[in-house]
Amino acid sequence: MSGDHGELPVAARVRQLEDQVIAAGLTTDAELDEILAGRYRTGSPANGARLVARAWADAGFRDRLLADGNAAAAELGFGASGGGGYGYRLKAVQNTAQRHNVIVCTLCSCYPTSLLGPSPSWYKSFAYRSRTVREPRAVLAEFGLELPAETEILVWDSSAETRYLVVPARPADSAGLAEDALASLVTRDGMIGTAAF
Amino acid sequence: MARFAVGARVRARPGDPDGHTRLPRYVRGHQGEIVDDHGSWQLPDEALRGTIRAEPVYAVRFAARDLWGAGSHSVIVDLWESYLEEAAQ
């Protein structure tokens, strides 16, 4: 799925395994592609952006989102399913003037696919995974996000069955915008925590 | 029944367990604080050996200074209950 994985020895091993099961008549390339396509058909950062925009526009919704991400996502029709009925707990974390949150998965590449779509290749890179827990301020600066020295940084390592969504701070110049317009401001990277919003 | 409450000080178990685990090496042996209770989830260490058993999972906050010797940030790691023990007083 990503250029990064293509460089890894594991990609060659996965391809060999696929060749074996296809040769054994257990599946086909088309079937494997369809499974992946199905997984990504509905997942999109537009989903997460709708949650963030609603949270910016409606303090009651924001509080419910922070308290119980799954229930709040369900209000907008989003299930927190990773596909195949395999669910996860959705935990939204809010950026403020004093605190910035950023998401990583040091063990592999856990990511809220249904709300953010396919993860970017850098999210799965060894560099991002190893450096974000160690020197997040430097990593964020490389993304172009220079945080004030006094801003507290929380790095969330999604090592179990909870998936995290960053709720960025609402842009200062967004007063009066309707929810659709607010949603168009929200980026995938903002919801990972590698951009301001 | 969750063994640890939010606010409790815990230590991630040191050492290198046999087989698969989702306890990242960089927190092993370090002390942190429980900041959230994620509910009970299947323990992958045992599931890969065919035993399906759910166990409480906690968000545990570690200070970067404790993990790396430097840094002012915190790292929050989601850990199954059997990865944790009470912190030494």
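Here, every reference points to the structure presented above.
Below you will find a few notes about this structure. These numbers come from a predicted model, not from an experiment.

### Remarks on the interface of chain B and chain A
Accessible area lost on assembly of the parts is the figure often given for the size of an interface.
Inference 1: Residue-level contacts link 18 residues of chain B with 23 residues of chain A.
Inference 2: Taking both sides of the interface into account, the surface hidden between chain B and chain A amounts to around 1800 Å²; carbon and sulfur atoms contribute 53%.
Inference 3: At the junction of chain B and chain A, the tally comes to 4 salt bridges.
Inference 4: Here chain B and chain A share 18 residue pairs in polar contact (both at pLDDT 80 or more) between them.
Inference 5: Looking at the side of chain B that touches chain A, the elements that each hand over two or more residues are β2 (31–42), β3 (54–63) and β4 (74–80) of chain B.

### Comments concerning the packing of aromatic side chains
Inference 1: The tally for this structure, following the rule as stated, stands at 10 aromatic pairs over all chains.
Inference 2: Residues W80(B) and Y83(B) carry aromatic rings whose centres are separated by 5.9 Å and whose planes lie at 65° to one another, so their mutual orientation is edge-to-face. Like W80(B), the residue Y83(B) is buried in the burial classification.
Inference 3: Members of the aromatic cluster, each reached through a chain of ring pairs, are Y111(A), W122(A), Y123(A), Y128(A) and F143(A).
Inference 4: Across from the ring centre of F61(A), 5.8 Å away, lies the NZ or CZ of R54(A), which sits over that ring.

The rules behind the values
- Residues numbered from 1 in each chain as written.
- Chains lettered and ligands numbered in written order.
- Predicted model: local features only at pLDDT ≥ 70, side-chain atom pairs only at ≥ 80, totals over all residues.
- Heavy atoms only, no water.
- Contact = heavy atoms within 4.5 Å.
- Buried area = accessible area lost by both parts, 1.4 Å probe.
- Salt bridge = Lys/Arg side-chain N within 4 Å of Asp/Glu carboxyl O.
- Polar contact = N/O pair within 3.5 Å; in protein donor to acceptor, adjacent residues only side chain to side chain.
- Helix = DSSP H or I, 4+ residues; strand = E, 2+ residues; numbered from the N terminus.
- Phe/Tyr/Trp six-rings, centres within 6.5 Å; stacked < 30°, edge-to-face > 60°.
- Buried < 20%, exposed > 50% of the residue type's maximum accessible area, 1.4 Å probe, protein only.
- Lys NZ or Arg CZ within 6 Å of the ring centre and 35° of its normal.

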